[in-house]
Amino acid sequence: MSADILRTVTAGDVAAPRRRGWRSFLAIPQGGLGVALLLLLLLLVVIGPFVAPDTPNEISDQPILGPSAEHWLGTDAYGRDILSRVLHGGASVILLPLVAVSAAMVVATLVGLVSGYLGGKVDAVVTWVINIALAIPSYLAVLVVVAAFGGGGAVVVTAVAVVYAPYITRVIRSSTQAIAPREFVLAARARGESLGWILFREITPNIGPTLLVEIALRFTYAIMFIASLSFLGLGVQPPSSNWGVMVAQNRTLLLVSPVGVLVPALLIGVLAIAVNLIADALTQFFGDRIHERLMV
């Protein structure tokens, strides 16, 4: 009986700080609003395909019909139901930037940790490569990749990951250089711990807040970047119901049937704003916690 009570108390003691942390984060106006907007969009993306009246590419009626009881948002130039396309098209808008940023983050974290911790010639080479990569405009680099390998989701994801990796590497490298001289890292080296242990068990947890904020910021940029490429016809290709593709296909009808442009554009904007608000809240949240630790 006493052992069960001990286990219960221990679990509660561990979970309590996490609950307080979430409550503190959601108490920040940007955090609460950003999480609420993001959850609503995720709900739309998950449930949308199941409640859509038609499949995204089904020609359901005459083209360029206005909103009605049958077609709540009207039809596009091909007679496809706009609401159905909106409900089906959000997954790629979220998934493609998430995959691109995740891939860039994995590579950049490994390179940034090694470069920042080892220093010397390794750091000099990494810094040289980063400086060259950052000197090339992002859109120009992606255009070159797309021109060489063609458009499509996979190519765009790879290109965006390659473009963003140097930016993230620079941030991780700088954070690692600030942590590497700390006493607990020196103690781990004195104990004879391996390089992997020091990088991932000693340094990485201490740059976790930086990683989270960087992921949120890059995710915001990637959403707009990939949506812009889809609008230009370089990303996801028609007949996809991707929101960026919808804006591109319906832009010539803006004065006749603006719903087909405004609704997907608004949803892309709300998604970017939600993630940006979360990034701002993360910056404030972790900044306040670090300040509290310093004051103790």
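Residues numbered from 1 in each chain as written. Predicted model: local features only at pLDDT ≥ 70, side-chain atom pairs only at ≥ 80, totals over all residues. Heavy atoms only, no water.

J.: Is there a simple way to think about the overall build of the chain in this case?
T.: Of the regular secondary structure elements, the chain holds 12 helices and 0 strands. The helix and strand sequence of the chain, counted from the amino end, reads α-α-α-α-α-α-α-α-α-α-α-α. Dimensions of the chain, computed from C-alpha atoms along their principal axes, come out at roughly 75 × 60 × 35 Å. Here the chain holds 296 residues, and the buried ones make up 42% of them. With an accessible surface of roughly 15,800 Å², the chain has 70% of that area assigned to carbon and sulfur atoms. Here the chain contributes 18 positive and 16 negative side-chain charges, whose respective centroids are spaced 12 Å apart. (Helix = DSSP H or I, 4+ residues; strand = E, 2+ residues; numbered from the N terminus. Buried < 20%, exposed > 50% of the residue type's maximum accessible area, 1.4 Å probe, protein only. Areas by Shrake-Rupley, 256 points an atom, 1.4 Å probe, with all protein chains shown as cover. Lys, Arg positive; Asp, Glu negative; His and termini not counted. Charge placed at Lys NZ, Arg CZ, Asp CG, Glu CD.)

J.: I'm lost on the pattern of salt bridges in this one. Help?
T.: Opposite charge on two side chains allows them to pair when their charged atoms are near. Applying the stated rule across the entire model yields 6 salt bridges. The partner of Arg85 in a salt bridge is Asp76, and the shortest N-O contact between them spans 3.9 Å. Of the two residues, Arg85 and Asp76, neither departs from the other in class, the shared state being buried. Here Arg218 ties to Glu214 by a salt bridge, and the two come within 2.9 Å at their closest N and O atoms. (Salt bridge = Lys/Arg side-chain N within 4 Å of Asp/Glu carboxyl O.)

J.: Help me out: how do you make sense of empty space enclosed by the protein in this one?
T.: To find leftover empty space, one rolls a probe the size of a water molecule over the atoms. Taken as a whole and judged by the stated rule, the model has 1 cavity of 30 Å³ or more. Forming the walls of the largest cavity are Ser92, Val93, Pro97, Ile223, Ile226, Ala227, Ser230, Asn242 and Gly244. Of all the secondary-structure elements, those providing two or more residues to the lining of the largest cavity are helix H4 (90-118) and helix H10 (208-231). When residues of the lining of the largest cavity are assigned to their parent elements, the largest contribution, 4 residues, is made by H10. Counted by class, the lining of the largest cavity contains 5 nonpolar, 4 polar and no charged residues. (1 Å grid on protein atoms, 1.4 Å probe; cavity = no way out; pocket = protein on both sides within 12 Å on 5 of 7 lines; lining within 4 Å. Points joined across faces, edges and corners; volume = space filled by probe spheres on them. Nonpolar A, V, L, I, M, F, W, Y, C, P; charged D, E, K, R; others polar.)

J.: Just checking my understanding: could you explain unusual backbone geometry for this structure?
T.: It is generally the case that most residues other than glycine have a negative phi and that most peptide bonds are trans. The omega angle of the peptide bond from Pro238 to Pro239 is 10°, so this bond is cis rather than trans. Secondary-structure assignment places Pro239 in the loop between H10 and helix H11 (243-250).

J.: Hey, could you run me through a nonpolar patch on the surface in this one?
T.: A grouping of Val125, Trp128, Val129, Ile132, Ile136, Leu140 and Val144 is seen on the molecular surface, where their side chains present a nonpolar patch of about 660 Å² in accessible area. When residues in the nonpolar patch are grouped by element, the largest group, 4 residues, is from helix H5 (residues 120-135). Note on placement: Val125 falls in helix H5. (Patch = residues over 30% accessible without salt bridge, like charges linked within 9 Å, V, L, I, M, F, W, Y side chains within 5 Å.)

J.: Explain the packing of helix H8 (residues 183-190) against helix H9 (residues 195-203) here, please?
T.: The geometry of a pair of packed helices is captured by two quantities: the angle between their axes and the separation between those axes. Taken N-terminus to C-terminus, the directions of H8 and H9 make an angle of 150°; their axes are 10 Å apart at the nearest point. Regarding the angle of H8 to H9, the classification is roughly antiparallel. H9 is crossed by H8, and the crossing has right-handed handedness. Of H9, the residues touching H8 (which contributes Phe184, Val185, Ala188 and Arg189) are Ile198, Glu202 and Ile203. By residue class, the composition of the contact of H8 with H9 is 5 nonpolar, no polar and 2 charged. (Axes fitted to C-alpha atoms, helices over the stretch in contact; angles between N-to-C directions. Parallel < 35°, antiparallel > 145°, perpendicular 65-115°, else oblique. Left-handed = near helix turned anticlockwise from the far one by under 90°. Contact = heavy atoms within 4.5 Å.)

J.: When you look at the nonpolar core in this model, what are you seeing that I'm missing?
T.: By size, the foremost hydrophobic cluster in this structure holds 37 residues, and its most contacted members are Tyr117, Val142, Val160, Tyr164, Ile203 and Ile207. Counting residues per element, the ones that place at least two in this core are H4, helix H6 (138-149), helix H7 (153-179), H8, H9 and H10. Sort the elements by how many residues they give to this core and H7 lands first, with 13 residues. In this structure, Leu41, Val45, Val86 and Leu87 belong to the second largest nonpolar core, which totals 20 residues. (Core = buried A, V, L, I, M, F, W, Y, C linked by side-chain atoms within 4.5 Å.)

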